[in-house]
Amino acid sequence: MARRYVITFGCPDQIGIVATIASFLADAGGTIVEAAYHTDPDTGWFFTRQEVAADSLPFDAAELRSRFGATVASLGGEWQILDTGERRRVVILVSKEGHCLYDILGRVAAGELDVDVSAVIGNHADLATITEAHGIPFHHVPFPREDKETAFAKVAELVDAADPHAIVLARFMQILPADLCAAWAGRALNIHHSFLPSFVGARPYHQAHRRGVKLIGATCHYVTAELDAGPIVEQDVIRVDHGDSVPDMVRKGRDIEKVVLSRGLRWHLENRILVHGNKTVVL
């Protein structure tokens, strides 16, 4: 794809927002190749995402940010500009379950996700071999019960050294402390099954099987200090029936987790997700 500048902007809804942005880009000679808009009637907030052909502008991304910021300053709100010519970096956190990691690494290897996976960090070493087979560094950071604080400090050091655009918790079975949730706000993505809060604790698939559930779902969300309650990025479901065994349900659950996480990660890397409060708009 040709290089693009991706503009995302959210502000209180008011007359003239679209005209202000369109006039700014037209005056600069910019060609808009994709545009989306949404107004939330509950919050009175306006959202837009626009892609501009980079070669249509007579200045670079830094100058675009400076000029755009000055143009929309009177409107209030928040904005970002992504340059697709800059490589996106991802760090993945894992434990023992590998289905989400396998899926992401496969998509990267196939060119479906055009990102650099800077590192995979695991609190167990089970997934080191598959990671290193893809030419990606694997860091094993044990999490002793008596000193998780030191372990998280090491994880933070490794993550921050990569300066990633996304930190993916690919079935990472440790709860991020509040300070890391704050430091990685808007960058850390998690995935979990839909059985919470109905089937809490151990063996949720066994609990769901005994209840005869008919749907298994998955939720991808941003990580916050409130466990599994961050802004939701993507959700989906897959059907099960009375003939499915517990292993069948586990397999289907893993399938939907992989798909939902990969969608959420792609949308995040493409700057399609605008967060307002604890809700998201995906454009």
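Scroll up to find the structure this text is about.
Being a predicted model, the structure only gives us computed values, none of them experimental.

> Would you take a moment to explain the overall build of the protein for this structure?
Looking only at helices and strands, the protein has eight helices and 13 strands in total. For the protein, the C-alpha radius of gyration of 21 Å lies close to 19 Å, the compact-globule estimate for 283 residues. Structurally, the protein occupies a C-alpha span of about 60 × 40 × 35 Å along its principal axes. For the protein, the residues scored as buried account for 48% of the 283 residues in total. Contacts in the protein between residues at least 24 apart in sequence constitute 67% of all its contacts with a sequence separation of at least 6. If you sum the accessible surface of the protein, you get close to 13800 Å²; carbon and sulfur atoms cover 52% of it. Treating the 28 positive side-chain charges of the protein as one cloud and the 36 negative ones as another, the clouds have centres 7 Å apart.

> Can you help me understand the packing of helix α1 (residues 17–27) against helix α2 (residues 61–72) in this one?
Where α1 meets α2, the axes come as close as 10 Å, and the angle between the chain directions of the two elements is 145 degrees. Of the two elements, α1 crosses α2, and the hand of that crossing is right-handed. Where α1 approaches α2, its residues T20, I21 and F24 are matched on the opposing element by L64, R67, F68, T71 and V72. Its residues placed into classes, the contact of α1 with α2 shows five nonpolar, two polar and one charged.

> Quick question: what am I supposed to make of the sheet that holds strand β10 (residues 215–222) here?
Across the sheet, which stays open at both edges, the seven strands sit in the order β7-β6-β5-β8-β9-β10-β11 with mixed pairing between neighbours. Of all strands in the sheet, those with a lone pairing partner are β7 (138–140) and β11 (232–239), marking the two edges. Averaged over all pairs of adjacent strands, the angle between their axes in this sheet comes to 20 degrees, without regard to strand direction. Packed on one face of the sheet, helix α3 (residues 99–109) meets β5 (89–94), β6 (116–122), β8 (166–169) and β9 (188–193) and runs near 155 degrees to β5. The sheet strands contacting helix α8 (residues 246–269) are β5, β8, β9, β10 and β11, and the helix crosses β11 at an angle near 150 degrees.

> Could you clarify how one ought to interpret α3 in this entry?
An α-helical segment advances 3.6 residues per turn. Residues three or four places apart therefore align on the same side. All of the buried residues along α3 are H99, C100, L101, D103, I104, L105 and R107. For α3, the secondary structure elements touched by its buried residues are β5, β6, α4 (128–133), β8, β9 and α8. Once α3 ends, the next one or two residues include G111, with phi positive near 80 degrees.

> Any chance you could explain unusual backbone geometry here in plain terms?
Peptide bonds are trans in most cases, and residues, glycine excluded, mostly fall at negative phi. Despite not being glycine, R171 shows a phi value in the positive range, around 65 degrees. Tracing the sequence through the fold places R171 in the loop between β8 and α6 (178–183). One non-glycine residue, D228, lies in positive phi territory at about 55 degrees. One can find D228 in the loop between β10 and β11. Under the relative-accessibility criterion, D228 is labelled partly exposed at 30%.

Cut-offs and rules
- Residues numbered from 1 in each chain as written.
- Predicted model: local features only at pLDDT ≥ 70, side-chain atom pairs only at ≥ 80, totals over all residues.
- Heavy atoms only, no water.
- Helix = DSSP H or I, 4+ residues; strand = E, 2+ residues; numbered from the N terminus.
- Rg over C-alpha atoms; globule rule 2.2 N^0.38 Å.
- Buried < 20%, exposed > 50% of the residue type's maximum accessible area, 1.4 Å probe, protein only.
- Contact = heavy atoms within 4.5 Å.
- Areas by Shrake-Rupley, 256 points an atom, 1.4 Å probe, with all protein chains shown as cover.
- Lys, Arg positive; Asp, Glu negative; His and termini not counted.
- Charge placed at Lys NZ, Arg CZ, Asp CG, Glu CD.
- Axes fitted to C-alpha atoms, helices over the stretch in contact; angles between N-to-C directions.
- Left-handed = near helix turned anticlockwise from the far one by under 90°.
- Nonpolar A, V, L, I, M, F, W, Y, C, P; charged D, E, K, R; others polar.
- Pairing = 2+ DSSP bridges.

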